[in-house]
Amino acid sequence: MLIRLLVRLVDFSRRHSLPVVLGGLLLAVFAGWIASRHLGVSTDTDLLFKDSLPWRQRAMEMNKDFPQFHDLLVAVVDARIPEEADATAAELAARLGADPAHFRTVRRPDSNPFLEKEGLLFLQPKQLSDLMDRTIDAQPFLGQLVADPSARGLFAALSLLGMGVTQGDADLSPYIAPIGAFHQALSDALAGHPKPLSWETLLGGGLSKLAGPYRFVLAQPHQDYGALEPGGAATKAMRAIIAELPFVKSGDAHVRITGQVALADEEFASVAQGAVKGLIGSLVLITLWLFLAVRSWRLIVPILMTLILGLMLTVLFATVAVGTLNLVSVGFGVLFVGIAVDFAIQFSVRYREFRFETGDSAAAMTETARRVGLQILIAALATAAGFLAFVPTAFSGVAELGLIAGAGMIMAFICTLGFLPAAITLFRPPGEAAEVGFTFAADIDPVVVYRRRGILLVFGILAVTAVAVSPWLVFDSDPLDTKNPNTEAMRTLRDLIDNPLTNPYTIDVLTPNAQAAQALGGKLEKLPTVSGAISINSFVPDDQQQKLAVIADANTILAPTLTPHGAAAPVTANQIRMAAQAALAQIDPALPKLPKGHPLALIADDLHRMQTAPDAVLMATDAALTRFLPTQLVRLRLALSAEPVTLASIPDYMARDWVLPDGQARVQVNPKPDAQTPAGLKAFVRQVTAVAPNAGGSAVTIAATAETIVGAFRDAAIYAVIAIALILFGLLRRVLDAALVMAPLLLSALLTLLVAVGLPLPLNFANIIALPLLLGVGVSFNIYFVMNWRAGQQRPLGSATARAILFSALTTGTAFGSLALSAHPGTSSMGKLLLISLGCTLLASLVFIPALLASLRPPARDRT
């Protein structure tokens, strides 16, 4: 009954070829028009998982409570000296803040008036005492600079050093580095390359390095999720501003962009990179394989028309059923073409076979429908079941993909039997002059029959080996490993991996209040995988009474010196020469008492050169030496005014990053470096969540995402195998035939696993999507051979079916090969796994199935 219906469908299409083809083309145009107006694509990664998942709910709650940490562009500034980095970051933040069209919020987390005043309290007691002692020792020097913060005052201060050496009262050994810095700044300026001097480094010594070499500007851009790079416009605007910053233009500062938005945008760009060339190359090779398969453009064009119609109908279904594609479901086209082309090639090659046998196109079309139509229907239903098995899973991205691709398989079947016969009839391909199958392969069939036991034994050993090594199959749960490591955002992130501000593997825990946060932080810091826990309590320094006493003593001594008494008169070039000459009068007599090559002697040489230097050079020297001096003196006075810190005294702009209006307090848990590996990250999350089950944050999201994806594919695989088995049994009506189709499918999965472990090729968020295609292609190939065997065919490798399967695999493999060559690691790994699974499927279909079928008693010829 079913076969008769399929024959009638094909005969109707053949008899009404022109209306069917025109109707199909109009339908394709209509579907494309509807899709162009109503089908959208969202690059929002939050849409890939169901909101009902507990970890998604925690992530959404955290994003709602602390929106300032979500959807960030992070500008990372480094410069020759800290002041240049600060100045560059400050100007960048100001200019970004003046661009509300591209940026919603802009802030500098490391530019903090509270820390500028209270920062000394966060030093260890010994560090603080040493710093205060050095500062007090430099009091005479500082006095000259406060009174006259110019080159004139600096040279007066340098003369004190010379006077001290001459009188034997000064030990310059602690000041070798600062004196050397003075010399370098003088030398560069006199050579025509003035570089500002870092007073932060001079006055703070090694403590200036505690802040690290980087300054950060955090911006939340407006994003267009309908674009390939949602933050592209904002990133472009930021780069234009960066290019105009003074220290960037001079090469003294560098600004790199990273953050969630930049990482996502660069990933999309990496995926698209080379896509056009790869697509053109794939189309050329696919056309070549189609020509070798069907040997006539009069068949190639109908096949391509059928694929286009089926694809447009699938797009129309996606428009109606989904409306907006996500980052995973947008790949349904590759899956559709990869499998639908198999249906079209199978029909066309078998048509050529029956055309050769009957010599009549109408009879050949009818015989193709009778002999092949049911095979394609079963393949389409089984493949659709494999895809639809993903719909119930919590992985919304692949569930949506499964729904569209599953429906696409039905569209492909309808187009193959309802449209392709009409197109073939209309294009009138010539008859065949020789057998369509591989004549050379006919000689291989007897060899397979003779060696069948050995072949099956080898495959059995490989299957057992695959099961044995399956525990070594790795799932790489780190999404960073699927990104292009050579992009700016990824290189920058790797440089900052140990910084709490930019570490992508942190955990956040929300506690009832600050006291609970402190207690929890203490517990978490004892865990083996935790490097530290930060909360609002971290901004209340320890040992304050002791430290405040040290600061107060230093301030008592230094305050009169650091307090300016009116502004100094503007300096002139002539005054600079006179100040240099006066300094030499004190320094030159001291030189005989200094070792040869001492930095003070080099400064004396610089001061001599200044006597004949042009006025412009002297003024540039003054600017280089003192540009950042006034700011640093103000900071020093502010730091010496530190006051006791309590939770209540922490300003709101800082507290809002850690405490909610209702009093709930956030704890940020930072991992040790081991968490940068999948196993280490899993252990970090397991240990922290054992103490704080409500934990969220990026590390928890990464681990939970991996579990969700693996669970979705595990459940879908079980559903798919059951559904495919039921469909096969229901339509083939024989348990043996269903088992013969399923056996090579499972074998190809084991072989794929074995190769992946052997290479090794870890599974990841990107390449795991290859698994549903393995089910679809495997089922299709196997069904053709088994049903032909049931129909009495005893030489499968020399048949037209083998030809169709081989060229179908080559066509599909060509598309996958272009993915494997992608610059994007995730896409590349997906292409590689697809090629591996396709190769294993082809091996199981062309070697294992013939050997397996040869081991069975020839069936009675199926006349249905």
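Residues numbered from 1 in each chain as written. Predicted model: local features only at pLDDT ≥ 70, side-chain atom pairs only at ≥ 80, totals over all residues. Heavy atoms only, no water.

Trainee: Explain the pattern of salt bridges here, please?
Mentor: Charged atoms that come close allow side chains of opposite charge to pair. Counting across every chain of the model gives 29 salt bridges. Residue R215 is joined to D86 by a salt bridge in which the shortest nitrogen-to-oxygen separation is 2.7 Å. One end of the pair, R215, is in strand β4 (residues 214-221); the other, D86, is in helix α4 (residues 82-97), and 129 residues separate them in sequence. Neither residue differs from the other here; R215 and D86 are each classed as buried. Between K195 and D252 there is a salt bridge, with the nearest N and O atoms lying 2.8 Å from each other. Here the residue K195 occupies a position in the loop between α9 (176-190) and α10 (199-204), and D252 occupies one in the loop between α12 (246-249) and β5 (253-258), the gap between them amounting to 57 residues. K195 sits in the partly exposed class, given a relative accessible area of 25%. Judged by relative accessible area, which is 10%, D252 ranks as buried. Each member of the salt-bridge network shares a partner with another, and the members are D86, R108, D110, E200, R215 and R635. (Salt bridge = Lys/Arg side-chain N within 4 Å of Asp/Glu carboxyl O. Helix = DSSP H or I, 4+ residues; strand = E, 2+ residues; numbered from the N terminus. Buried < 20%, exposed > 50% of the residue type's maximum accessible area, 1.4 Å probe, protein only.)

Trainee: I tried to follow the nonpolar core on my own but got confused; where do I start?
Mentor: Across soluble globular proteins, nonpolar side chains show a tendency to be buried alongside one another. Ranked by size, the top nonpolar core spans 125 residues in total, and within it F343, F347, I376, F395, I709, L728 and I783 carry the most contacts. The contacts of F347, once residues within four sequence positions are left out, are V10, M365, T368, I376, T416, L417, L420, P421 and I424. Counting residues in hydrophobic clusters, the runner-up holds 65 residues, among them L131, V165, F182 and L618. (Core = buried A, V, L, I, M, F, W, Y, C linked by side-chain atoms within 4.5 Å. Contact = heavy atoms within 4.5 Å.)

Trainee: Where do I start with the sheet that holds strand β9 (residues 665-671) in this structure?
Mentor: Hydrogen bonds between backbone groups are what pair the strands of a sheet, and the pairing can be parallel or antiparallel. Taking strand neighbours across the sheet as the criterion, the three strands line up as β7-β9-β8 in an open arrangement whose pairing is antiparallel. Strands with a single pairing partner mark the edges of an open sheet, and in this sheet they are β7 (507-511) and β8 (530-534). Strand-to-strand twist in this sheet, taken as the mean axis angle between neighbours without regard to direction, amounts to 25 degrees. With five bridges joining them, β7 and β9 adopt antiparallel strand pairing. Paired with I507 across the strands is V669, a residue of β9. Seen against the sheet, helix α23 (residues 514-524) touches β7, β8 and β9 and runs at an angle of roughly 15 degrees to β9. (Pairing = 2+ DSSP bridges. Axes fitted to C-alpha atoms, helices over the stretch in contact; angles between N-to-C directions.)

Trainee: Please clarify how the sheet that holds strand β2 (residues 73-79) should be interpreted in this entry.
Mentor: Pairing is antiparallel across the open sheet formed by four strands, whose spatial order is β3-β4-β2-β5. The open sheet has two free edges, formed respectively by β3 (103-107) and β5, since each of these has just one partner strand. The sheet shows a mean angle of 20 degrees between the axes of neighbouring strands, direction not considered. Of the pairings in the sheet, the one linking β2 to β4 comprises six bridges and is antiparallel in character. Within β4, the position partnered with D78 by the bridge is Y214. On the sheet, helix α11 (residues 232-243) packs against β2, β3, β4 and β5 and is oriented at approximately 175 degrees with respect to β5. The sheet strands contacting helix α22 (residues 488-495) are β2, β4 and β5, and the helix crosses β5 at an angle near 105 degrees.

Trainee: How should the side chain of E266 be read in this particular structure?
Mentor: One can find E266 in helix α13 (residues 260-272). Summary of buried charges: E266 has no salt-bridge partner, and the nearest side chain of opposite charge, R239, is 4.3 Å away. Of the polar contacts made by the side chain of E266, one reaches the side chain of T487; its length is 2.6 Å. Setting aside anything within four residues of it in sequence, one finds E266 in contact with R239, T487, E488, A489 and M490. (Lys, Arg positive; Asp, Glu negative; His and termini not counted. Polar contact = N/O pair within 3.5 Å; in protein donor to acceptor, adjacent residues only side chain to side chain.)

Trainee: Sorry if this is basic, but what is going on with the packing of aromatic side chains here?
Mentor: Each aromatic ring pair is specified by the distance between its two centres and by the angle formed by the two planes. Going through the model one piece at a time under the given rule, you end up with 12 aromatic pairs. Between the aromatic rings of F182 and W199, the centroid separation amounts to 5.6 Å while the plane-to-plane angle is 50 degrees, which identifies the pairing as tilted. Taken together, the residues F182 in helix α9 and W199 in helix α10 connect sequence positions 17 residues apart. Each of the two residues, F182 as well as W199, counts as buried. Taking 5.5 Å as the distance between ring centres and 70 degrees as the angle between the ring planes, the aromatic pair formed by F459 and F848 counts as edge-to-face. Placement of F459 in helix α21 (residues 452-469) and of F848 in helix α35 (residues 825-854) is noted, with a sequence separation of 389 residues between them. Assigned by exposure class, F459 and F848 land together as buried. Each member of the aromatic cluster is reached from another via a ring pair, and the members are F49, W55, F390, F395 and F713. (Phe/Tyr/Trp six-rings, centres within 6.5 Å; stacked < 30°, edge-to-face > 60°.)

Trainee: In this structure, what is going on with the pairing of β4? I would like to understand it.
Mentor: Regular strands show a simple pattern: their side chains alternate between the two faces of the sheet. Most of β4 is tucked away: eight of the eight residues are buried. What you see with β4 is no split at all: Y214, F216, L218 and Q220 on one side and R215, V217, A219 and P221 on the other are buried throughout. Of the strand pairs in this sheet, β3 and β4 are connected by four bridges, and their pairing is antiparallel. When the sheet's bridge partners are listed, F103 is paired in β4 with P221.

Trainee: Even after reading the chapter, I still don't get helix α19 (residues 420-427), so can you show me in this structure?
Mentor: Quick reminder: α-helices carry 3.6 residues per turn. Residues three or four places apart thus point the same way. α19 sits mainly inside the fold: six of its eight residues count as buried. Among the residues of α19, L420, P421, A422, A423, I424 and F427 are the ones counted as buried. Tucked inside the fold, the buried residues of α19 contact α1 (2-15), α2 (17-38), α15 (297-321), α16 (332-358), α17 (361-388) and α18 (396-418). Of the residues trailing α19, R428 is marked for its positive phi of about 50 degrees.

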